[in-house]
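Given next are the chains, with one letter for each unit.
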Amino acid sequence: MRRFIILFLLLVAVACPVFAEEFTAPVAPEDAQELMPVENTSFGKDLWKIIREATKKLHPELTESAGLCVGLFAIVITVSMVDAMPGNITNLVRLVASLTVASLLLQQTNALIRSAANAVQELSEYGKLLLPVMASATAAQGGISASTALYAGTAVFNALLCSIIKVLLIPLVYVFLVLSVAGTSTGQAALDKLKEFVKWLSVWILKIVLYIFTGYMAITGVVSGAADAASLKAAKLTLSGMIPVVGGILSDASEAVLVGTGVMKSAVGVYGALTLIAIWIAPFLQIGIRYLLLKLTAALSQLFSAKEISVLIGSFTDAMGLLLAMTGSTSVMLLISTVCFMKGVG
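Since the structure is predicted, the reported quantities are computational estimates derived from the model, not experimental observations.

(A) Highlighting the overall build of the protein. Counting its regular elements, the protein contains 12 helices and zero strands. When each of the 346 residues of the protein is scored for burial, the buried share is 49%. A fraction of 82% describes how many contacts in the protein between residues 6 or more apart in sequence connect residues 24 or more apart. Looking at the protein as shown, the accessible area adds up to about 16800 Å², and 68% of this sits on carbon and sulfur atoms.

(B) Representation of the confidence of the model for the protein. Looking at the protein, pLDDT values average 75 and 71% of them are 70 or higher. Mean pLDDT values for the elements of the protein range from 38 in helix 1 (residues 2-15) up to 87 in helix 11 (residues 267-301). Within the model, pLDDT remains below 50 along residues 1-21, and this stretch shows zero contacts once partners closer than five positions in the same chain are excluded. Across residues 222-228, confidence stays below pLDDT 50; counting only partners more than four residues off in sequence or on other chains, it has 13 contacts.

(C) Representation of the nonpolar core in the model. Within the largest apolar cluster, 85 residues are counted, with the highest numbers of intra-cluster contacts made by Leu323 and Met326. Excluding residues that lie within four positions of it along the chain, Met326 makes contacts with Val120, Ile165, Leu169, Ile170, Val173 and Leu206.

(D) The arrangement of the pattern of salt bridges in detail. Counting across every chain of the model gives six salt bridges. For the salt bridge of Lys56 with Glu53, the shortest nitrogen-to-oxygen distance reads 3.5 Å. A residue pair is termed a helical-turn pair when its members lie 3 or 4 positions apart in one helix, as Lys56 and Glu53 do in helix 3 (residues 43-56) at three residues. For Lys56, a relative accessible area of 54% corresponds to the exposed category. For the salt bridge of Glu196 with Lys195, the shortest nitrogen-to-oxygen distance reads 3.7 Å. Residue Glu196 is classed as partly exposed on the basis of its relative accessible area of 38%.

(E) Geometry of the side chain of Ser202. Considering the arrangement of structural elements, one finds Ser202 in helix 7 (residues 189-224). Here Ser202 is in contact with Leu169, Leu172 and Leu322, once residues within four sequence places are set aside.

(F) Spotlight on helix 3. Taking 1.5 Å per residue as the helical rise, helix 3 with its 14 residues ought to reach 20 Å, and the 20 Å between its terminal C-alpha atoms agrees with that figure. All of the buried residues along helix 3 are Phe43, Asp46, Leu47, Lys49, Ile50, Glu53 and Ala54. For helix 3, the arc enclosing every buried residue in end-on projection is 155°, short of the 170-degree limit, so these residues lie on one face. Across helix 3 from its buried face, at more than 90 degrees, point the exposed residues Lys45, Trp48 and Lys56.

(G) Broad picture of the packing of aromatic side chains. What the rule picks out here adds up to four aromatic pairs. Between Trp200 and Trp204 the ring centres are 6.3 Å apart and the planes differ by 45°, which places this aromatic pair in the tilted class. Residue Trp200 and its partner Trp204 are both found in helix 7; the two are separated by four residues, about one turn of the helix. An aromatic cluster of three or more residues is present, and its members are Phe197, Trp200 and Trp204. Stacked on the ring of Trp204, the Lys or Arg Lys207 has its end atom at 4.1 Å from the ring centre.

About the criteria used
- Residues numbered from 1 in each chain as written.
- Predicted model: local features only at pLDDT ≥ 70, side-chain atom pairs only at ≥ 80, totals over all residues.
- Heavy atoms only, no water.
- Helix = DSSP H or I, 4+ residues; strand = E, 2+ residues; numbered from the N terminus.
- Buried < 20%, exposed > 50% of the residue type's maximum accessible area, 1.4 Å probe, protein only.
- Contact = heavy atoms within 4.5 Å.
- Areas by Shrake-Rupley, 256 points an atom, 1.4 Å probe, with all protein chains shown as cover.
- pLDDT = per-residue confidence, 0-100.
- Core = buried A, V, L, I, M, F, W, Y, C linked by side-chain atoms within 4.5 Å.
- Salt bridge = Lys/Arg side-chain N within 4 Å of Asp/Glu carboxyl O.
- Expected span 1.5 Å × (residues − 1).
- Arc of directions from axis to C-beta.
- Phe/Tyr/Trp six-rings, centres within 6.5 Å; stacked < 30°, edge-to-face > 60°.
- Lys NZ or Arg CZ within 6 Å of the ring centre and 35° of its normal.

Now the structure itself:
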């Protein structure tokens, strides 16, 4: 009888399911959901789907930006023709042309600044929802100290960077544009120097935050063992990509992050990483298209005598480069954090 009871209890124990705590990534924002795949297949295929869907929506922006650049180039040619004419109206024409170019660009740039600010805010808000889930999943796998150290740092840097961009860097972009227009219109060298200082200050603020973030992630990786070489490489490449503003943020740094996510097996982390990319990629591409077209327009404008107009267009290009740096830094910082947590979960 005793053996029968023991055998029965063993059978019950084997038959009972083992309940494990399941972790679900936060739902993507509405705009990002439009880019997300319906079913998850593999990280690479899902990422390509997001890029493809985001690219399809670029046609209106591309058409509008191309039309604007044609108009700017026409103003440059007009000013160059007036310069070749005799008379004393050259300075007046240059002033009117500068104000016209500024008016055309400010309207579009203001919309891009709002788009970048909204993207940073959405990334930060989603990070506040995703990082606790990733930390809990890491802790459930036994990495309690790792999850605590990683979450403490990533949450602080996420909030810090978002606040700095919203409170300081976005206003500095407006100051930079105002100084650019004023310097071009008046010809005051002091305004140009002040404009360059504002640009330098904006870039260095981003660099300092990323320096501290990189150092913290390096220390956390050594102490907790949750961060791997790919994560640290991504952080360093993010930093090196800040000057020039765009380059490394999307190339080497994102490659290192994707290598990390390809190795690790965490459905929560993969979905979270894809959502971060979906939130970031649309505004980044919209700003990037205008950045490239304006850069081309500024380069072509230098072939003519309207140097001031070319410099003004270049200044607006620099402002868009700063916006790319802000959105790229926020996104890649959260991606690096997610990869580190995924290593702990995997």
